[in-house]
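Geometric and topological summary
Spelled out from the first residue to the last, the chains are:
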Amino acid sequence: LPVAMSHHAAAMLEDTEGGDTEEEERGFKDVRNTIIPVALLLLGGALALGFGIWLGREVFPAQTVIPTDIRKGGLYALRSAVVQLVQTAQDTQERLQSKESQVFEKDFDFSGPTINFMSNRPRPGTHEFQGFGGAFTESAAKVYQKLSQTQQQEVLQKYFGADGLGYTLGRTHINSCDFSTENYAFDEVKNDYTLQYFDTGVKRDTEALIPLIKAAQQIVEDQPGKALKLLATPWSPPAWMKTNGQMDHSGNPCLRPEMKLPWARYFVKWISAYKAHGVPIWAITVQNEPENNATWEGCLLTPEESNDFLSVYLGPQMQATHGDVKMFIFDHNKDHVYKWAKAWYSKTVVPQYVHGVAYHWYTGDGFDQLQSIRKEFPQAKLLASEATWERWRWKPGTTLASGDWRFGEGYAHDIIGDLNAGSIGWIDWNLLLDQDGGPNHVDNVCDAVAMANLSTGELFWHPQYYYIGHFSKHIPRGSRLIETEVTGSSRYTGTSQYNCSAKDNCRPYGVCTGVDGLQATAFLRPDYRIVVVALNCGDDVLDFKIRYGPHALRAALPGHAIQTYIFEPNEPDEHANEVVI
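Reading the values: rules and limits
In every chain, residue numbers begin from 1 and rise along the written sequence. Per-residue local features of the predicted model are confined to residues with pLDDT of at least 70, and side-chain atom pairs are confined, for both listing and counting, to 80 or more; whole-chain, interface and lining totals are unaffected and use all residues. The side-chain figures draw on all heavy atoms in the structure; neither hydrogens nor water molecules are used. Secondary structure elements are taken from DSSP: a helix is a run of H or I of four residues or more, a strand is a run of E of two residues or more, and numbering for both begins at the N terminus. Only heavy atoms matter for contacts: two residues are in contact if any of them lie within 4.5 Å across the pair. Residue exposure ignores everything except the shown protein chains as possible cover, and the areas themselves are Shrake-Rupley values with a 1.4 Å probe. For every residue, the accessible area obtained with a 1.4 Å probe (protein chains only) is divided by the maximum for its type, and the residue is called buried under 20%, exposed over 50%, and partly exposed between those limits. For this analysis, a polar contact is any N or O atom pair within 3.5 Å, provided that within protein one partner can donate a hydrogen and the other can accept it, and provided that sequence-adjacent residues contribute only side-chain to side-chain pairs. Think of a salt bridge as a Lys or Arg side-chain nitrogen and an Asp or Glu carboxyl oxygen that are within 4 Å of each other. Cysteine sulfurs are considered disulfide-paired once they come within 2.5 Å of each other. The pairing criterion for strands is at least two bridges between them, as found by DSSP. Each axis is a line fitted through C-alpha atoms, taken for helices only over the stretch in contact, and angles between the N-to-C directions span 0 to 180 degrees. Crossing handedness is read from the near helix: turned anticlockwise from the far helix by less than a right angle, it gives a left-handed crossing, and turned clockwise, a right-handed one. Joining through side-chain atoms within 4.5 Å is the link that ties buried Ala, Val, Leu, Ile, Met, Phe, Trp, Tyr and Cys residues into a set, and such a set is a nonpolar core. As a per-residue measure, pLDDT reflects the predictor's confidence and takes values from 0 up to 100.

As for the overall build of the chain
- Counting secondary structure elements, the chain contains 13 helices and 24 strands.
- Considering only residue pairs separated by 6 or more positions, the chain has 75% of its internal contacts joining residues 24 or more positions apart.
- Total accessible area on the chain stands at roughly 24900 Å², and carbon and sulfur atoms take up 52% of it.

Let's talk about the side chain of His 332
- Along the chain, His 332 turns up in strand E9 (residues 326-333).
- For His 332, a relative accessible area of 6% translates into the label buried.
- Within the structure, His 332 has its side chain in polar contact with the backbone nitrogen of Glu 291 (distance 3.2 Å).
- With residues up to four places along the chain from it excluded, the contact list for His 332 reads Glu 289, Pro 290, Glu 291, Asn 292, Ala 358, Tyr 359 and His 360.

Thoughts on the pattern of salt bridges
- Per the counting criterion, the structure on display carries 22 salt bridges.
- With its nearest N and O atoms 2.7 Å apart, the salt bridge here joins Glu 258 to Arg 256.
- The buried category is assigned to Arg 256, whose relative accessible area is 18%.
- One network of salt bridges, in which partners are shared, links Arg 79, Arg 525, Asp 527, Arg 529 and Glu 568.

Description of the side chain of Ser 180
- In this fold, Ser 180 is placed in the loop between strand E6 (169-174) and helix H5 (203-206).
- On the basis of relative accessibility, which here comes to 0%, the residue Ser 180 falls in the buried class.
- Of the polar contacts made by the side chain of Ser 180, one reaches the backbone nitrogen of Cys 177; its length is 3.1 Å.
- If sequence neighbours within four positions are ignored, Ser 180 has contacts with Glu 138, Ser 139, His 173, Asn 440 and His 441.

Overview of the state of the cysteines
- Taken as a whole, this structure holds three disulfides when the rule is applied.
- Each sulfur of the disulfide joining Cys 500 and Cys 506 lies 2.0 Å from the other. One disulfide, between Cys 500 and Cys 506, carries an S-S torsion of -85° and so falls in the left-handed class.
- You can call Cys 500 partly exposed: its relative accessible area is 22%.
- By relative accessible area, Cys 506 is classed as buried at 6%.
- Residue Cys 512 pairs covalently with Cys 537 via a disulfide, S to S 2.0 Å. Judged by the sign of its S-S torsion, about 95°, the cystine formed by Cys 512 and Cys 537 is right-handed.

Quick look at the sheet that holds strand E22 (residues 542-548)
- Pairing is mixed in the open sheet, where five strands are placed in the order E3-E23-E22-E4-E17. Whereas interior strands pair on both sides, the edge strands pair on one side only; in this sheet they are strand E3 (105-106) and strand E17 (484-487).
- Pairing analysis gives seven bridges linking E22 to strand E23 (residues 551-557), with the strands arranged antiparallel. Residue Ile 546 lies in a different strand from E23, and its bridge partner there is Leu 553.

So, the pairing of E6
- With six of six residues buried, E6 lies mostly within the body of the structure.
- The pairing of strand E5 (residues 131-136) with E6 spans four bridges and is classified as parallel. Paired with Phe 136 across the two strands is Thr 172, which belongs to E6.
- Looking at chain direction, E6 and strand E7 (residues 229-234) are connected through six bridges and run parallel. Looking across to E7, one finds that Gly 170 is bridged to Leu 230.

Some remarks on the packing of helix H7 (residues 260-276) against helix H8 (residues 303-321)
- Two elements in contact, H7 and H8, have axes whose closest approach is 9 Å; the angle formed by their N-to-C orientations is 35°. As for the relative orientation of H7 and H8, their crossing is right-handed in sense. Residues Lys 260, Leu 261, Trp 263, Ala 264, Arg 265, Phe 267, Val 268 and Ile 271 of H7 lie in contact with H8, whose contacting residues are Asp 308, Phe 309, Tyr 313, Leu 314, Gln 317, Met 318 and Thr 321.

Looking at the environment of Lys 214
- Its place among the elements puts Lys 214 in helix H6 (residues 209-221).
- Between the C-alpha atoms of Lys 214 and Gly 278, which are 64 residues apart in sequence, the distance is 7.8 Å.
- Setting aside its immediate chain neighbours within four residues, Lys 214 contacts His 277, Gly 278 and Val 279.
- For Lys 214, the side chain forms a polar contact with the main-chain oxygen of His 277, separated by 3.0 Å.

Details of the nonpolar core
- Core analysis: the largest hydrophobic core is formed by 125 residues, its most contacted members being Phe 136, Tyr 159, Phe 160, Trp 270, Ile 284 and Phe 471.
- Considering every element that reaches this core, the biggest residue donor is H7, with nine residues.
- Every residue in contact with Phe 160, bar those within four places of it in the chain, is listed here: Phe 136, Gly 166, Tyr 167, Ala 216, Ile 219, Val 220, Gln 223, Leu 228 and Leu 431.
- If you look at the next biggest cluster of nonpolar residues, it comprises 29 residues, including Ala 522, Val 532, Ile 546 and Tyr 565.

What about the environment of Val 449?
- Within the fold, Val 449 resides in the loop between strand E13 (432-434) and strand E14 (450-453).
- Taking the C-alpha atoms as reference, Val 449 lies 8.6 Å from Leu 433; in sequence the two are 16 residues apart.
- Sequence-distant contacts of Val 449, defined by excluding residues within four places in its chain, comprise Tyr 159, Tyr 411, Asp 428, Phe 460, Trp 461, His 462, Gln 464, Tyr 465 and Ile 468.

A short note on the confidence of the model for the chain
- Taken over all residues, the pLDDT of the chain has a mean of 89, while the share at 70 or more is 85%.
- Every residue in residues 1-68 is under pLDDT 50, and counting partners more than four places away or in other chains gives 31 contacts.
- When the criterion is pLDDT under 50, residues 574-581 qualifies, and its contacts beyond four places in sequence or with other chains add up to nine contacts.

A closer look at the sheet that holds strand E16 (residues 480-481)
- Taken in spatial order, the six strands line up as E2-E1-E24-E21-E20-E16 in an open sheet, and their pairing is antiparallel. This sheet does not close on itself; its edge strands, each paired only once, are strand E2 (97-103) and E16.
- Sheet topology note: the strand E1 (residues 82-89)/E2 ladder contains five bridges and is antiparallel. Directly across from Val 83, in E2, lies its bridge partner Gln 102.
- Strand contacts of helix H11 (residues 405-420): E1, E16, strand E20 (518-524), strand E21 (530-536) and strand E24 (561-567), with the helix running at about 55° to E20, the strand carrying the most contacts.

Okay, here's the thing in structure tokens:
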């Protein structure tokens, strides 16, 4: 047609040649000005279409949604059919790499893995997401102090900056923890029941820890509408409050009976001291890993002991002085998180002290336990408060410079499972460690997202950084989970424990393989964009579909890769907005 039109236009032009009147000249100009652009446009279209076919692909997918169609999805109407894509993949240079935009089509038949949106909105009662973060430990702060000024700024910006991971959560320790250079507390005077000698200046922490927290705090607060929320956790009371007389390990019971009230008041004084330094505390947990009689600082508690301490001593003290500070129970592994949640929330009269349940990842997936809490005790806010890789988990050949790619995959696997179970946040362990995975005063060394070789002056970022970024850079505070279901894909059906063998149909924490198939989570952001994160821990490319109501997206996820998709649904009507709330 374009070629025929060109010949027709030429014939018309020939007929006008030789005209010698002014009227004929004007007619010639009108025809020329009208026909030639049309002919050239049609000819260009034909050439572009032919070139597209020559490349073996259509310029536009057969059923691509056009602007007049995308609003015909009812509740699933789209403002735009265009979908942003970000990708990180092993054995490539792609690290949080923006890719060519994708386009929604009308839904199509597909028997492979599919991410199905079960709703176009978060379900009623869905808690607001609070963000991602890492732990401010004395060890991290000591390593930070030894970096160059340029490296210090790199750490702050890559974690907390607008162009970095965008962390808005943090965790720190009350008194020392294993990632301190030694045991310490802020009242070392034996039997000081009234805490007369409590160091209200918390001098030890002002040497390195508080300056690092405040530096990060400043980076976050420089961004409009953002604030750093800090979770504080004790590993151990002062030695003189404990039945074993030392901070490391724990007697059973841990606390001397007469020390419950002094220990509760100790929390209050510590929070006041930090607040005086310009570091407000968002939330606390009662005890780090209350079931772990560790070689480092510890304090064993049963659910009943913890509930008694919280209800009778800590809760009233906090409510009287720091009523705005949230309190989380448990703060240990997921294999027992439901047991602890039930012990608290099944009480006939539940005091208003507890905000939710914090948990760690060291016994593996445990997502079913979180789902049970969400179903039975929907008022409980779930918080993933600690995850890290112990250094012994490095595979042979891993270097300080490269890190272990599996560690990034394991983090993403855990984040997806935790977020789909309703977690309001996810906090990594140490922000920064040295080349030995410390300092740690009991040699409990670990990997970290950022590690510094203090001997050579080098700073390294491990694969976890990029995997976390696929979530933290695109799911801001105030986002809400949207229910999705992955169909047509394999799924791991065995068990998980701290350390176990595959021959027992069991795997240790953080393991993610091709058996896990396609994994995904989705959120509605405050700016009314939807984010989907998809993960593939297998070796092969996964072709899959994202189905959003009557719309669908053709997608392909390389082996050992993660992707983030961002698209824009239509603005909600008044009723839909009420559903979100």
